[in-house]
Amino acid sequence: MTAFAACHRLGGRHPHNAQPGYSGCEALNLGGLTPGPGVKKVLIALYDLSIHQPLGDITNTRSQWYGGFLLRRLVSEASQFMAIMLCTFLIFIASKALAQTEQGGPVRMAYMEYKPYSFTDTDGSPKGLAIDLAKRLVGALDRELEFVAVENPAAMVSMVAAGDVDLTGLLALTPARAERAFATLPLGSFRRNLFVRKAQETGSLSDFSGARIGLLQGAVLNGIPDAQPMPYNTDEELIIALLKEEIDAIASAEDGLSASLRAMGIDVLVKTIEPPLTILPFGFYVAKDQTDLLHALNMEIATNFTKKEYQAFHEIWFGTPTRLPEHDLIFWGSIAGPILLVLAVVGLIGWQVHRMRSDIFQKESEHQRLFVDALDAVKAAIVIYDKNLEALHWNAGFSNSFPGLADVLIKGVTLREMIVKSYENGTVKTEMNQSDVDVFTNNIVESVLAGKTMNRIVHTKDGRVVEATDFPVGQDHYASVRVDVTKMHKQAETIQAQKSELMAVNEKLGTFTSIAAHDLKSPLLQQMSLVEFIQEDIEEAGLELPEDVSGYFTMLSAASDKMLRLINDLLEHAHTTSDESRSESFSPNDRISEALLLAGLPPSFKVELEEGIPAVCVDPIAFDTVMRNLVSNAIKHHDRDEGLIKISSSKSMNMVSIRIEDDGPGIPEEYRTSIFEPFKRLSTQVDGSGLGLSFVDKTVAEWGGSIYVECPNARGSIFVIAIPAEDAQEQTDSGDDVQQSKAS
C-alpha cells in the first residue's frame, strides 16, 4: 500500500477529512522519518495536488474519448498511481531538506599542530586521533565538520569561549577551562610517565630521587625530589641517551614516547614506572551557546561510543606494543599448533613431542621456583587473590615479613580483611580510628577492582618502612606486594637533612660574602682616592718621577680597579636570589638593545639581533644583567680585532630559548661545564673576576630555566639560555596536555 493510500484509508480522501483526533498524514512513514510541523504542511499540500479534481478531469476526458466503463476505470487508476508516485518522491526530498535544516549547520572545530593528536597532512586536510574522534561523534549526529587551524591550546579555548568555533580539539579537562566552555564526558587521559630500561632494577618513583631525568627541551619536571633534569631536543635523542645509560630515566607523555619507541622497534627494551607522574582526563570543549550539541555529543559518548572503539582509533595513530616470547614455554606454545597438525597427518614421533613438552614444563617450573626464591631473598612479600579478592597464594617472604598476617591468610581472607587486620593487630602503625580505617580500606579495594594500582608507604610496629602496592594481574586475579624500603627511606631522610643543612650554610655564606665585600670596598675606595690625590699633588708640584716609580703607580691603580670589580661582582653574586614578585612580561628586543649599549661594544664588532623574540616573564633588571654579561664575555674572550655576535631565539611550549653566538676561538669541551663555577677563568690574559657566568647560571636557575654552551663548529661558541615564556602559566595548564604532550 502506498503512503497516500494509507493516508486515504485512515481518514478519507483528504487528511482534513480524517477520523476525529487523528490526521491521515500521520500514517506517513518514509524510511522511518517522522515529519515535523513544517514537513506536515508540505505533505498536505502535495497530497492535494495528487488527489483532487485536475487528475479526475483528465480521467473523465480520456474516458469520453475511448468510451466504455472498463477503459475509463483503468486510465483513472493509472493516472492516480503515477501522480502518487511523483508526490511521494517530492515529499521524500522535501522532508530530507527540512530535516537537515532543523538539525543545524556544520560544526566548526579548532585544532592545533600536535602530531599525532591533530595535524595538517601534506594534502592540506586535518588528520589525527582528535580529528577521527570528532568525525565519529559529530558524524553520528548527521552533521558536517569544518576545521580551523590554531597555534596552541590557549587559542583553542579562547576561540570556543568567544563563539568563533563550536568545538575544540582534545584538551585536558581543567577547572579553569570549564569556566570558559562546556566539557564533554572524558574520552581518555593524558598520562605523563617515567620510562626506564627494562633491565633496570627499580621499584617506584621514590627510587629516582637525585637521578638524571631526561626530558624534552622546555618541559618542566615535577614530582621527583632533587632530580637532575637533562634536556634533549627530540624523543629519539632521549631514547638513545637512555639506552646508552647517559640518563637514568625519561619523563615524557606516555602515548607520544611509546609511539616513538614502537616506530624505532625497541619498545620491548623500555618499561614504565607506576604510578604515572600526572594523569589528566581529556575530552572536547563545546561553546556555551551550543548546549544542544553538548547534550548530543555526551549522549553519543555515554550510549554508543565504546572503549573498544576508542582503542581501535588509538591504535591507528599510536600503534600497539610489540609482544615477544618471554620464555621457552610461550615460544613452544606459539608453534605447538603447526607441530600437532604435522603429527596428526604423519602419525609419527608423538612420544618425542610428549618428552619435549615434559622437559619444557620442568624447566619452566624450575624457572618459577628460582624467581620465587629471588623474591624471598630480597624480602618481597607477595599475595595473589582471585577475582573475588580472596587470597589464593603467598610466598615465604610474606610469611617471614608479616607472621601476624600469615596465620590470617591460612584461614582464608579477602584483601579488604587482610588490610583491616593489619591495622587491628598492630602490624601497621596508624593514628586512624576504626571508622577511618574502614573508609580507607574500601577506597583501596574499590580502586583496585576498577583496574587502578594503589601505592602507599606504611610503618610497621617494629620500625620498618614498607612500600605497599595493590594492583590487578591479568583478567581475573589481583596481587599485593610489600617491599621493605627502610634503608632507602632513611637515606632519603638523610639527603633531605643534608639539603636543609646545605641551604642554611649557603645562606650564611651569602651573608658573610656580602658583609665581607662591603667591609673591603670602603678602605679600597679610600685607597684609590689617596692614590689619585698623590698623583695630582705630584703633578701640581711639577715633579717628574722615575719611570719605574710611575709604573708602580700605574700598577697600583690597575690592581685597585681589578679589586673593585671583584668586590662588585661578589656583591652582585651574593644578592642573586629568587624573587618571583619582580617578574613581569616583556618583549626582550628593546632591553637587549639597551644592554648592548652598556656592554662596551667596540666599533669593529657587529651584532645581529633577531626581530620579534618571543615575550618572556622574568625579572627585567636581572635579564639586562644576564644579557650584558653574555655579550661582554663574547667580546672579552675574542681573539681577533673584529667579530660578529648573533642573537636569535626559538620557543618550545612554555620556554623561550635565546642563543648568543660568537665567532671567537671557542671553548674546549672539558671546560664547557666548569666555566659556570664561581671564580673559574680560562685565561689570565683577560680582565675579570670569574663570577660573570656563575652569576648568569645562578640567575637563570632561579627563574626555573637553564643555560648551557655548545661549540658545533671549528670556531665560535653558542650560549643558550632557556627562560619562562610570557604564556608559561597557560601552557603549564594545558598539557601536561601536551606535553606530557610531549605537554605537558
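Reading guide: rules and limits
- Residue numbers here run from 1 along each chain, matching the order of that chain's written sequence.
- With the structure being a predicted model, the display of local features is reserved for residues of pLDDT at least 70 and the display and counting of side-chain atom pairs for 80 or more, all residues being used for whole-chain, interface and lining totals.
- Excluded from the side-chain calculations are hydrogens and water; all other atoms, namely the structure's heavy atoms, are used.
- Counting from the N terminus, the helices are the DSSP runs of H or I reaching at least four residues and the strands are the DSSP runs of E reaching at least two.
- Exposure is judged per residue with a 1.4 Å probe applied to protein chains only, and the accessible area is read against the type maximum: over 50% gives exposed, under 20% gives buried, and values in between give partly exposed.
- Per-residue and other accessible areas were derived by the Shrake-Rupley procedure at a 1.4 Å probe size, with only the shown protein chains allowed to occlude residues.
- Only residues whose relative accessible area exceeds 30% and that form no salt bridge enter a patch; like-charged residues are grouped when within 9 Å of one another, and nonpolar side chains (Val, Leu, Ile, Met, Phe, Trp, Tyr) when within 5 Å.
- By convention in these notes, a salt bridge is any Lys or Arg side-chain nitrogen within 4 Å of a carboxyl oxygen on Asp or Glu.
- Grouping buried Ala, Val, Leu, Ile, Met, Phe, Trp, Tyr and Cys residues that are joined through side-chain atoms within 4.5 Å yields what is termed a nonpolar core.
- For two strands to be treated as a pair, DSSP must find no fewer than two bridges joining them.
- Axis lines are fitted to C-alpha atoms, over the contacting stretch for helices. Their N-to-C directions set the angle, which ranges from 0 to 180 degrees.
- Whether two residues touch is decided by their heavy atoms; if any such pair falls within 4.5 Å, the residues are in contact.
- Known as pLDDT, the predictor's per-residue confidence is scaled from 0 to 100.
- For classification purposes, angles smaller than 35 degrees are called roughly parallel, those larger than 145 roughly antiparallel, those between 65 and 115 roughly perpendicular, and all remaining angles oblique.
- What makes a crossing left-handed is the near helix being turned counterclockwise from the far one by less than a right angle; a clockwise turn instead makes it right-handed.
- In this classification, Asp, Glu, Lys and Arg are treated as charged, Ala, Val, Leu, Ile, Met, Phe, Trp, Tyr, Cys and Pro as nonpolar, and every other residue, Gly included, as polar.
- For this quantity, the arc is that covered by the directions from the helix axis to the C-beta atoms.
- Polar contacts here mean pairs of N or O atoms no more than 3.5 Å apart (in protein, one a potential hydrogen donor and the other a potential acceptor; neighbouring residues in sequence count only if both atoms are side-chain atoms).

*Asks:* Provide a residue-level description of the overall build of the chain, including the pertinent values.
*Replies:* Looking only at helices and strands, the chain features 23 helices and 24 strands. Within the span of the chain, comprising 744 residues, buried residues form 39% of the whole. A total of about 41,700 Å² of accessible surface is found on the chain, and carbon and sulfur atoms cover 56% of it.

*Asks:* Go over a nonpolar patch on the surface with me, naming the residues and quoting the values.
*Replies:* A cluster of nonpolar side chains, Leu530, Phe533 and Ile534, forms an exposed patch at the surface whose accessible area comes to about 280 Å². Since its relative accessible area comes to 34%, Ile534 is described here as partly exposed.

*Asks:* Requested: an account of the pattern of salt bridges, with residues and values cited.
*Replies:* In total, this model carries 14 salt bridges according to the counting rule given. The salt bridge involving Glu146 is made with Arg108; its shortest N-O contact spans 3.8 Å. Taken as a pair, Glu146 in strand S4 (residues 145–150) and Arg108 in strand S1 (residues 107–112) lie far apart in primary sequence, 38 residues in all. For Arg108, a relative accessible area of 32% gives the class partly exposed. For Arg456, the salt bridge identified is with Asp470, shortest N-O distance 2.8 Å. One end of the pair, Arg456, is in strand S15 (residues 454–459); the other, Asp470, is in strand S16 (residues 465–473), and 14 residues separate them in sequence. Of the residues examined, Arg456 reaches a relative accessible area of 14% and is grouped as buried. On the accessibility criterion, Asp470 (0% relative accessible area) is buried. Shared partners join several salt bridges into a network, and the residues in it are Arg136, Glu300 and Glu309.

*Asks:* So what's going on with the nonpolar core? Residues and values would help.
*Replies:* Residues Leu129, Leu133, Leu167, Leu170, Leu187, Phe284 and Leu297 are the most contacted members of the largest nonpolar core, which totals 44 residues. The element best represented in this core is helix H5 (residues 129–139), accounting for seven residues. Membership of the second largest hydrophobic core comes to 37 residues, among which are Phe586, Ile613, Met627 and Val696.

*Asks:* Outline the sheet that holds strand S14 (residues 391–394), supporting the account with residue identities and numerical values.
*Replies:* Sheet architecture is open: five strands sit in the order S14-S13-S17-S16-S15, paired in antiparallel fashion. Each of the sheet's edge strands pairs with one partner strand only, and the pair in question is S14 and S15. Across the sheet, the axes of successive neighbouring strands diverge by a mean angle of 20°, strand direction being ignored. Of the strands in this sheet, strand S13 (380–385), S15, S16 and strand S17 (477–484) touch helix H16 (residues 415–424), which is tilted by about 25° from S17. Along the sheet face, helix H17 (residues 434–449) touches S15, S16 and S17 and points at about 150° away from the line of S15.

*Asks:* Tell me about the sheet that holds strand S11 (residues 270–283), residues and numbers included.
*Replies:* Here we have six strands laid out as an open sheet, ordered S5-S11-S7-S10-S8-S9, and mixed in their pairing. Looking at which strands have only one partner, the edges of the open sheet turn out to be strand S5 (171–172) and strand S9 (228–232). Of the strand pairs in this sheet, strand S7 (residues 188–197) and strand S10 (residues 249–253) are connected by four bridges, and their pairing is antiparallel. Directly across from Phe195, in S10, lies its bridge partner Ile250.

*Asks:* Please provide a residue-by-residue account of the confidence of the model for the chain, values included.
*Replies:* Mean pLDDT over the chain stands at 77; residues scoring 70 or higher make up 71%. The weakest mean pLDDT in the chain belongs to helix H1 (residues 3–11) at 40; the strongest belongs to strand S12 (residues 285–286) at 96. Across residues 94–102 the pLDDT falls below 50, and counting only partners more than four positions away or on other chains, this stretch makes seven contacts in the model. Overall, residues 732–744 carries pLDDT values under 50, and its contacts beyond four positions in sequence, including any with other chains, amount to 52 contacts.

*Asks:* Can you explain the packing of helix H20 (residues 588–598) against helix H21 (residues 620–636)? Please cite residues and give values.
*Replies:* Relative orientation of the contacting elements H20 and H21 amounts to 50°, with a least axis distance of 9 Å. In this view, H20 runs oblique relative to H21, as classed from their interaxial angle. Our pair here, H20 against H21, has a crossing hand that is right-handed. The residues of H21 that touch H20, namely those facing Pro588, Arg591, Ile592, Ala595, Leu596 and Leu598, are Pro620, Ile621, Phe623, Asp624, Met627, Arg628 and Val631. Residue composition of the contact of H20 with H21, grouped by class: 10 nonpolar, no polar and three charged.

*Asks:* Would you mind going over helix H6 (residues 153–162) in detail, with residue names and values included?
*Replies:* Pro153, Met156, Val157, Met159 and Val160 are the residues of H6 that are buried. For H6, the arc enclosing every buried residue in end-on projection is 165°, short of the 170-degree limit, so these residues lie on one face. Where H6 starts, the residue carrying a side-chain oxygen 3.2 Å from the main-chain nitrogen of Ala154 turns out to be Asn152. Note on H6: the residue one or two positions beyond its end, Gly163, has a positive phi of about 80°.

*Asks:* Any chance you could break down unusual backbone geometry for me, citing the residues and the numbers?
*Replies:* Residue Pro116 follows Lys115 across a cis peptide bond; omega there is 5°. In this fold, Pro116 is placed in the loop between S1 and strand S2 (119–120). Pro275 follows Glu274 through a cis peptide bond whose omega is 0°. By the secondary structure assignment, Pro275 is in strand S11. A positive phi angle, close to 60°, is found at Asp142, a residue other than glycine. For Asp142, the position within the fold is in the loop between H5 and S4. For Asp142, a relative accessible area of 52% puts it in the exposed group. One non-glycine residue with positive phi stands out, namely Glu245, at about 65°. Of note, Glu245 is situated in the loop between helix H8 (235–243) and S10.

*Asks:* Kindly report on the packing of H16 against H17, identifying the contributing residues and their values.
*Replies:* One can describe the packing of H16 onto H17 by two numbers: an axis separation of 10 Å at closest approach and a directional angle of 150°. H16 and H17 meet at a crossing whose hand is right-handed. Contact with H16, carried on its side by Arg416, Ile419, Val420, Tyr423 and Glu424, involves Gln434, Val437, Asp438, Phe440, Thr441, Asn442, Ile444 and Val445 of H17 and no other residues of that element.

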